[in-house]
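# Topology and contacts: notes
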Amino acid sequence: MKKLIWFSVALLGAFALAGIAYHRGETSINAMWIIVAAACIHALGYRFYSAWILAKVLTADALRATPAFRLNNGRDFVPTHKWIVFGHHFAAIAGPGPLVGPTLAAQFGYLPGLIWILVGSVLGGCVQDMIIMFISTRRNGRSLGKMARDELGPIGGYAALIGTIAIMIILIAVLGLVVVNAMKNSPWATSTVFATIPIAVLIGLYLRNIRPGRVIEGSLIGLALLLFAVVGGSWISESPTLANLFDWDGISLAWFVIGYGFIAAILPVWLLLAPRDYLSTFLKLGTVGLLAIAVVIMSPEIKMPAFTQFVDGSGPVFGGKIFPFVFITIACGAVSGFHALVSSGTTPKLIGKETDVRLIGYGCMMLESFVAIMALIAATLLDPGVYFAINSPGGIVGATAEVAVQTISSWGFPVTAEYMHDLARTMGESTLFARTGGAPSLAVGMASIFSSAFGQGMLAMWYHFAIMFEAVFILTTLDAGTRVGRFMMQDLLGHVWKPLGETSSYPSTILASALIVSGWGYFLYIGVIDPNGGVNILWPLFGISNQMLAAIALSVATGVLVKQGKLKYAWVTSVPLAWLAIVTTTASWEKLFSPDVRIGFISGANDLAARLAAGTLSEAQAAVAPELIFNQRLDAVITVFFASVLWIVIFDMLRVCSRVLRELPVLPSSEAPYVPNTPGVTV
């Protein structure tokens, strides 16, 4: 019966894929084809591929004591129930990538992003998360950079450690930029997101000091308060006095995000990070589930074509051709190097059994991939004209509504200024033009789905609920990322002066947190002042660095497998590694040397410098031009650095593998000695 069921799942998935292929030349396709294909492929990948990797490649042992038990200190190492760890890990990895990446990539059409999300996640992203989590668990929860140094050697190890910290800074900056663009000049959204912070602290205190162990009780209270925050945001936005208090511009919100990241990194994990992640997981899973139900109820037609004319690189949302830019634009929904940092930095310190890595590692990434599918559907069911009006910066389509709609309509995607103004009013916003970053357009799509399925009377409420949903997604990744960055910075500083590497030391914690936050805070500021919304500059750099980090993680995993005598299984990590190395190197070359000023960092900086010298910029543009010119040139240097780090790590991994195959001495395995579980102790 089980074989028959899984054969039916495979047959249904194949039928759905055939339906997508058959309809790709049509103007529209029903979203149900995509939902069914994604659900079947993910189910098959989890049931068979992840189980095979756990048993054959990793040989996990449920009776082996994990570092959460052996090193339990009540602070960072804490044995935790697998479902709470699942929630914490999913909340930490599920940032803007699965929401914003597919939304931005929709400018190419719905099909390129769909194929990459499905193939990339099952064979790449899920595999990376699961294997890195397992390797780190066997090595006392060591960070990715430290594992690279211990397993490969000082050259590749230090390159990976320094490169990982630099990449982390770019990643967090983009997370902050997306949430700032979503909250900017929106009292409803800003007040709602602000409210989630004291709610998380309250629940953290409630579960630890007031009613210890009452998880369900605390969860219900937290969820009720979150929903009340959305409703309360409506009251605030309607009050002239209160609305002014929460009507913040981009720079003010950037300072708020910077301050929040610093505080979240230094507070105990149980006070803010864990309860916020846990509560946000309910919100995230509930919203995604509700979105899937709504899609099933209304069975919407995808309005974006399978391919648009912008596959040639002329897209208004961001510059670049379909290859390689679709593969770096959609990062977290398919393969994400950021996940490797969480899988090696925080989650292994909480895992109670080795066999839990399948559910937490492969399962969380699989769920995030499904979130990316839902985001793709929500973005592509919008009229293409509306999609491009929201996501295209004013510097590309025109600063006024009239000019913008004329430009967009000339592309063959008709839209009117009156319709956009009416849409903004129904969503409770003053305008939806040039709301770059992907989050606002995704919220419009989600609100449209919810209102069509559950009634039109609460469209504005659904929109701001979606904004809170997205902001919570992003901030939970931002705070977890800053905390992981703090661990890595302390690891690096410990080589300068040993006391700085002590994670339990508050002076060391504050210094490392300040350094990390200062780094990503600078790039966040540059993105906020960019007249083109910052997305065209920062998101490609985010994608390149994120996928390079995934390639570094897969290099470490491949090296570990070969050292353990598992050469015949090394293809599991080396195949996605090879693809990511090709994609990221090609994208880096384009960002460096493309003559298109919207793609190349150097050409873009030179063009802006020439226009500044000629006096053709407006007063506002001229005021920020020097900083933007410097930043584009800095981005070029960073891209060269990232590419160099990647290939140093890859060649060092190949050197180690070659020595193993030739039976020459290599560094011993850094795996912790086997210690059995204490009888009767479970989590």
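What counts as what
Residues numbered from 1 in each chain as written. Predicted model: local features only at pLDDT ≥ 70, side-chain atom pairs only at ≥ 80, totals over all residues. Heavy atoms only, no water. Helix = DSSP H or I, 4+ residues; strand = E, 2+ residues; numbered from the N terminus. Rg over C-alpha atoms; globule rule 2.2 N^0.38 Å. Buried < 20%, exposed > 50% of the residue type's maximum accessible area, 1.4 Å probe, protein only. Contact = heavy atoms within 4.5 Å. Areas by Shrake-Rupley, 256 points an atom, 1.4 Å probe, with all protein chains shown as cover. Core = buried A, V, L, I, M, F, W, Y, C linked by side-chain atoms within 4.5 Å. Phe/Tyr/Trp six-rings, centres within 6.5 Å; stacked < 30°, edge-to-face > 60°. Lys NZ or Arg CZ within 6 Å of the ring centre and 35° of its normal. Expected span 1.5 Å × (residues − 1). Arc of directions from axis to C-beta. Polar contact = N/O pair within 3.5 Å; in protein donor to acceptor, adjacent residues only side chain to side chain. Axes fitted to C-alpha atoms, helices over the stretch in contact; angles between N-to-C directions. Parallel < 35°, antiparallel > 145°, perpendicular 65-115°, else oblique. Left-handed = near helix turned anticlockwise from the far one by under 90°. Patch = residues over 30% accessible without salt bridge, like charges linked within 9 Å, V, L, I, M, F, W, Y side chains within 5 Å. Salt bridge = Lys/Arg side-chain N within 4 Å of Asp/Glu carboxyl O.

Check the secondary structure of the protein chain and you find 27 helices and 2 strands. In terms of overall size, the protein chain behaves like a compact globule, its C-alpha atoms giving a radius of gyration of 24 Å where 683 residues would be expected to give roughly 26 Å. Taken along its principal axes, the extent of the C-alpha atoms in the protein chain is 70 × 55 × 55 Å. Split into buried and exposed, the 683 residues of the protein chain put 61% on the buried side. Within the protein chain, contacts between residues at least 6 apart in sequence are counted, and of these 83% link residues at least 24 apart. Only carbon and sulfur atoms are counted for the fraction: they give 69% of the accessible area of the protein chain, which is about 24,300 Å².

Ranked by size, the top nonpolar core spans 216 residues in total, and within it I53, L144, I377, L432, W520 and L524 carry the most contacts. No other element matches helix α22 (residues 459–493), which puts 19 residues into this core. Sequence-distant contacts of W520, that is, excluding residues within four places in its chain, are made with I169, I172, A173, V257, I258, G261, L478 and T482.

Here the structure, examined in full by the defined rule, presents 28 aromatic pairs. Both rings, one in F310 and one in F413, keep their centres 6.4 Å apart while their planes meet at 50°; by these two values the pair is tilted. With F310 in the loop between β2 (301–302) and α14 (322–329) and F413 in the loop between α19 (401–410) and α20 (417–426), this residue pair connects regions lying 103 residues apart in the sequence. According to the relative accessible area criterion, F413 is buried, its value standing at 9%. Measuring from centroid to centroid gives 6.1 Å for F323 and W579, while their planes differ by 50°, and the two rings are tilted. Separated by 256 residues along the polypeptide, F323 in helix α14 and W579 in helix α25 (residues 571–593) bring together distant segments of the chain. The exposure class assigned to W579 is partly exposed, which follows from its relative accessible area of 33%. Connected via pairs of aromatic rings, a cluster forms that spans F310, Y387, F388, W411 and F413. Here the basic side chain of R149 rests over the ring of Y158, its NZ or CZ set 5.3 Å away from the ring centre. Positioned above the aromatic ring of Y46, the side-chain terminus of R358 is 4.4 Å from the ring centre.

Counted at 1.5 Å a residue, the expected span for helix α1 (residues 2–23) with its 22 residues is 32 Å, and the 32 Å between its end C-alpha atoms agrees. Taken as a whole, α1 has its buried residues at V9, G13, A16, G19 and I20. An end-on view of α1 places all buried positions within 120° of arc, on one side of the element. Within α1, the exposed residues directed more than 90 degrees away from the buried face are K3, L4, F7, L11, F15 and Y22.

So, about the side chain of D129. Along the polypeptide, D129 turns up in helix α6 (residues 110–137). Only 2.8 Å separates the side chain of D129 from the side chain of Q128, close enough to count as a polar contact. Ignoring anything within four residues of it in the chain, the contact list for D129 reads I93, S336, H339, S343, G361 and M365.

Residue position: V100 is located in helix α5 (residues 97–105). A residue is classified by how much of its surface remains accessible, and V100, at 2% relative accessible area, is buried.

Here the residue pair F323 and P324 is connected by a cis peptide bond, since its omega of 10° sits within 30 degrees of zero. Even without glycine at this site, S299 takes up a positive phi of about 45°. By the element assignment, S299 lies in the loop between α13 (273–298) and β2. Using a relative accessible area of 27% as the deciding quantity, one classes S299 as partly exposed.

Pairs of packed helices are described in terms of their axes, by the angle between the two and the distance that separates them. Across the interface, helix α8 (residues 154–183) lies against helix α12 (residues 250–266) with an axial gap of 9 Å and an inter-helix angle of 130°. Judged by the inter-axis angle, α8 sits oblique to α12. In this structure, α8 meets α12 at a crossing whose hand is right-handed. From α8, G176, V179, V180 and M183 reach across to α12, where they touch G250, L253, A254, F256 and V257.

Time to look at a nonpolar patch on the surface. Among the surface-exposed residues, M1, L4, I5, F7 and L11 lie close enough to one another that they form a single nonpolar patch of about 590 Å² accessible area. Residue placement: M1 occurs in the segment before α1. A relative accessible area of 74% means that M1 is categorised as exposed.

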